[in-house]
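Spelled out from the first residue to the last, the chains are:
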Amino acid sequence: MRSANDNSSGNPIAPADENLTPVTALSVKDLSFYYGDHKALEAVSMEIYQRQITAIIGPSGCGKSTFIKSLNRISELEGKVRVEGRVEFYGQDIYSRGVNLSRLRRQIGMVFQRPNPFAMSIYDNVAYGVRIASYRPRRELDEIVESALRSAALWDEVKDNLKKSALGLSGGQQQRLCIARALAVNPKVLLMDEPASALDPIATMKIEELLHTLRQELTIVIVTHNMQQASRVSDYTAFFSTDESRIGQMVEFGSTPDIFTAATHPRTRDYVQGRFG
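What you see is a predicted model; the values in this text were computed from it and never measured.

Analysis parameters
- Residue positions are given per chain, counted from 1 along the sequence in the order it is written.
- A pLDDT threshold of at least 70 governs which residues receive local features in this predicted model, and a stricter bar of 80 or more applies before side-chain atom pairs are shown or counted, although totals over entire chains, interfaces and linings include all residues.
- Side-chain calculation: all heavy atoms of the structure are included, whereas hydrogens and water are not.
- Numbering of helices and strands runs from the N terminus, with a helix taken as a DSSP run of H or I at least four residues long and a strand as a DSSP run of E at least two residues long.
- Atoms counted for the radius of gyration: C-alpha only. Globule rule: 2.2 Å times the number of residues to the power 0.38.
- Burial classification: accessible surface area is computed with a 1.4 Å probe over protein chains only, and a residue below 20% of its type maximum counts as buried, one above 50% as exposed, and the rest as partly exposed.
- Contacts: residue pairs with any heavy atoms within 4.5 Å of one another.
- Shrake-Rupley sampling with a 1.4 Å probe provides the accessible areas, and residues are treated as covered by the protein chains on show and by no other component.
- His is not counted, nor are the chain ends; Lys and Arg add positive charge and Asp and Glu add negative charge.
- Here the site of a charge means atom NZ of a Lys, CZ of an Arg, CG of an Asp or CD of a Glu.
- One less than the number of residues in a helix, times 1.5 Å, gives the span that helix is expected to have.
- Grouping buried Ala, Val, Leu, Ile, Met, Phe, Trp, Tyr and Cys residues that are joined through side-chain atoms within 4.5 Å yields what is termed a nonpolar core.
- This arc corresponds to the set of directions leading from the helix axis out to the C-beta atoms.
- N or O atoms within 3.5 Å of each other form a polar contact, as long as, within protein, one can give a hydrogen and the other can take it, and as long as residues adjacent in sequence are counted only when both atoms are side-chain atoms.

1. Some words on the overall build of the protein
Of regular secondary structure, the protein possesses 10 helices and 11 strands. In terms of overall size, the protein behaves like a compact globule, its C-alpha atoms giving a radius of gyration of 19 Å where 277 residues would be expected to give roughly 19 Å. Considering only C-alpha atoms, the protein reaches an extent of 55 × 45 × 35 Å along its principal axes. Within the protein, the proportion of its 277 residues that are buried is 50%. The long-range fraction of contacts in the protein, counting pairs at least 24 apart against all pairs at least 6 apart in sequence, stands at 71%. A total of about 12,700 Å² of accessible surface is found on the protein, and carbon and sulfur atoms cover 47% of it. Distance between charge centroids for the protein: 4 Å, based on 33 positive and 32 negative side chains.

2. Let's talk about helix 6 (residues 171-183)
Spanning 13 residues, helix 6 covers 18 Å between terminal C-alpha atoms, matching the ideal 18 Å at 1.5 Å per step. The element helix 6 is largely enclosed, with a buried count of 12 among its 13 residues. Residues G172, Q173, Q174, Q175, R176, L177, C178, I179, A180, R181, A182 and L183 constitute the buried set of helix 6. Packed against the buried residues of helix 6 are strand 7 (108-111), helix 3 (122-133), helix 4 (138-151), helix 5 (155-158), strand 8 (189-193) and helix 7 (201-214).

3. Structural notes on the nonpolar core
L149, I179 and L190 are the most contacted members of the largest nonpolar core, which totals 47 residues. In this view, L190 contacts G109, M110, V111, I179, A182, L183, L214, L218, T219, I220 and V221; residues no more than four positions away in its chain are not counted. In this structure, I48, F67, I68 and V189 belong to the second largest nonpolar core, which totals 33 residues.

4. Considering helix 7
For helix 7, which comprises 14 residues, the first-to-last C-alpha distance of 20 Å matches the rise-based estimate of 20 Å (1.5 Å per residue) to within 8%. Buried within helix 7 we find A203, T204, I207, E208, L210, L211 and L214. Down the axis of helix 7, the smallest arc covering the buried residues is 160°, so these residues share one side. Every exposed residue of helix 7 that faces more than 90 degrees away from the buried side is listed here: P201 and I202. The distance from a side-chain oxygen at the start of helix 7 to the backbone nitrogen of I202 is 3.0 Å, and the residue carrying that oxygen is D200.

Function cannot be inferred from these measures alone, as they are strictly geometric.
See the structure below:
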């Protein structure tokens, strides 16, 4: 067993040459995850495919959020954790001693359940991560901010108000701003933990439309309790649940059509058909 907190610097992880077009972006192999002595996940194995959307579904408390937080090691900011197994990002173990966590978290970005814009301008929110990573001339930074806001389908709504506080935006706009902030550092993977759960139906629709656009360039992993949303936006779906000891585990993984219409495990069929959860 390895402590996940003993490694915060070293060589960055970089994806393979994109010209090779690898099928798998993240490979999870027998991952068990602990918060202190509490086992939250047991022996999860799955492939997360490049430029596809993978939905993580399951009842509350089954480890869905814990799982995606383990994919860029952001869970380590919440306290002492440890892992068994491996998570490989383009073939390299993200829990090895040589990993630069700052670089890793730029390459595997995260968008949380509730919008969390910083108490600063719209422009400075988007530019925040870029400025931390390296110095950029103002003209280049302007281009990055505009590009990220366009990619998040927000530019036309805020382009005349970039100096205004991000806290004045609506909830849906704030969430798209957080997506733009993650996109500004040019990630390869975007992790999304119920990004539309706090939004109204119109804002939710805009987030879903955005996902379909982003998947052309990004690998996306999304946690959602909304079965209709999972079936609409994802290419692959993983169903998580718990065992008798309340330890999270992955019950079934497959293409989204198969999971929703031809699941092999009865617990999966019961969940997607609304019989429990």
